[in-house]
Each structure stands twice: as structure tokens, then as C-alpha cells.
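# Report on the structure
This is what each chain is made of:
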Amino acid sequence: MREISHHPKTETLAAFAAGRLDEARGVVVSTHLTLCAQCRTAVADFEALGGACLEMVDPAPMNDPSMEEFWARASDQEIMPKKHVHRAANDIDLTAVQPLKAYIKEPLDQIKWRSIAPGLAQHVLDAEGYRAGVLRLLKISPGTKMPKHTHGDEELTLVLRGAYSDEMGVFRAGDLADLDDDSEHTPMAIGDEDCICLIATNAPLVFKDLVGKIVQPFVGL
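Structural notes, computed from the coordinates.

Reading the values: the criteria
- Residues numbered from 1 in each chain as written.
- Predicted model: local features only at pLDDT ≥ 70, side-chain atom pairs only at ≥ 80, totals over all residues.
- Heavy atoms only, no water.
- Axes fitted to C-alpha atoms, helices over the stretch in contact; angles between N-to-C directions.
- Helix = DSSP H or I, 4+ residues; strand = E, 2+ residues; numbered from the N terminus.
- Parallel < 35°, antiparallel > 145°, perpendicular 65-115°, else oblique.
- Contact = heavy atoms within 4.5 Å.
- Nonpolar A, V, L, I, M, F, W, Y, C, P; charged D, E, K, R; others polar.
- Buried < 20%, exposed > 50% of the residue type's maximum accessible area, 1.4 Å probe, protein only.
- Lys, Arg positive; Asp, Glu negative; His and termini not counted.
- Salt bridge = Lys/Arg side-chain N within 4 Å of Asp/Glu carboxyl O.
- Polar contact = N/O pair within 3.5 Å; in protein donor to acceptor, adjacent residues only side chain to side chain.

### Things to note about the packing of helix 1 (residues 10-17) against helix 2 (residues 23-33)
Running from N to C, helix 1 and helix 2 point in directions that differ by 100°, and their axes come no closer than 11 Å. In terms of axis orientation, helix 1 runs roughly perpendicular to helix 2. In contact with Thr12, Leu13 and Phe16 of helix 1, helix 2 contributes Gly26, Val29, Ser30 and Leu33. For the contact of helix 1 with helix 2, the class distribution of residues is 4 nonpolar, 3 polar and no charged.

Structure, rendered in C-alpha cells:
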């Protein structure tokens, strides 16, 4: 595996360690962690720091009614059915990517891609977030350029296969772009193969040109 050049922000890794990311963004970050030793170490440090902080807090005893209420609620809990039990084929050339096994049912080349524009296709994955469809695979054909856009809030983009370039550099397999509302870019797939990315957003994209604004309602980005 090549050395990864682009990583999540420190704040994003800290939020992941604290369990403050929604499911969609958590899947993208956890997938990146399976590929990146540097970020795994950072998350472990944040978790250790959080544990140390908890040890410094003086425990507060629970009164009897609180304990009774806790055990009553615990005994009433229903066993929830397991979600996302499908196995995914590791044809991404990233065989260590375990989190995606729960979300991708078939090899990438057998996915039913939905065309959204010339050279662009997507496949929406089932994950919770600020609205439906916040976790998706995006396939960009070589030489295809996405409309220029910025972000209403945060977008996490992890490259699974191929590569793209934008105003921030070249992103290849394993690289993660951690973007916010200050980031404006025009990604274009480079190389000879499709660029396939795993994307999670927590706000709609903000397109800068007419084409993007027209397509957006149909795409759901």
C-alpha cells in the first residue's frame, strides 16, 4: 500500500474517538483508519486521553430511585435485529477495509450504479446521518470534472480506487479529503481507471455554476 498523503483533520479524529460523528461520517473515518497507521495512532491517543480525563472526575453516587429506574429501563430493552449483515467482496484492492463489509453487498464492478451526469454515477448506501442518502459511492470516469462546489458544512471523501485532482492536490487510494464550508474545489478524475470514492456529508453541497445547481435536486448531494 502506498503512503497515504491526505488525512482527516485532528478535530475529526477527536470527534470520532469521542463517538460524536454520525454513522455516515463514522463509516468513512473508520474505513480510512483500517488503511492508515498514523491516524489509528492518533485515535488511540485521543481515546487514552478521554479515559484519563474520566479517571480524574470524582464519582457521584446514585440515589436509590435512580438505580431502580436504571435497572427497570435495562430490563425493558428489546433485542434489536442486526443491521447491515451483508458481506462485501474485497475487490477494491484495499483488502483491509473491513467497515465496508457491512454496507456493500457486491463487488464494485457489479454494483448497480445510477448515472447522474455524463461521466458521473453514484450508489447510495444505507447509513444514518442528517438526511437520507448521506453516505454514497461516487464513480467518476477518467477525465471527467465535477462542477465547482463548496460545502454547506462538512464533507468526508475517501478514495477507494483510482485518483482525482483538485485545487488541494492529488488524492489516491486511501487518501481522505476532510472539507468544510471554506473549501471550494473542482475534482477531476485522473489516470486510466474510474475514480471511486466513499463520501459522507452533513449538509448539502453548494454548487457554483448553473449545471451543478440544475443537477443537484436529482442527485441528492
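The structure having been displayed, the exposition proceeds.
### Comments concerning the environment of alanine 189
By secondary structure assignment, the location of alanine 189 is in strand 9 (residues 188-190). Along the primary structure alanine 189 and glycine 143 are separated by 46 residues, whereas in three dimensions their C-alpha atoms are 5.3 Å apart. Each residue touching alanine 189, except ones within four places of it in the same chain, is listed here: Ile140, Ser141, Pro142, Gly143, Thr144, Ala163, Tyr164 and Cys195.

### What about the side chain of arginine 136?
Counting through the fold element by element, arginine 136 comes out in strand 3 (residues 135-140). Of the side chains with opposite charge, glutamate 155 comes closest to the buried, unpaired arginine 136, at an N-O distance of 8.5 Å. Separated by 2.3 Å, the side chains of arginine 136 and glutamine 122 make a polar contact.

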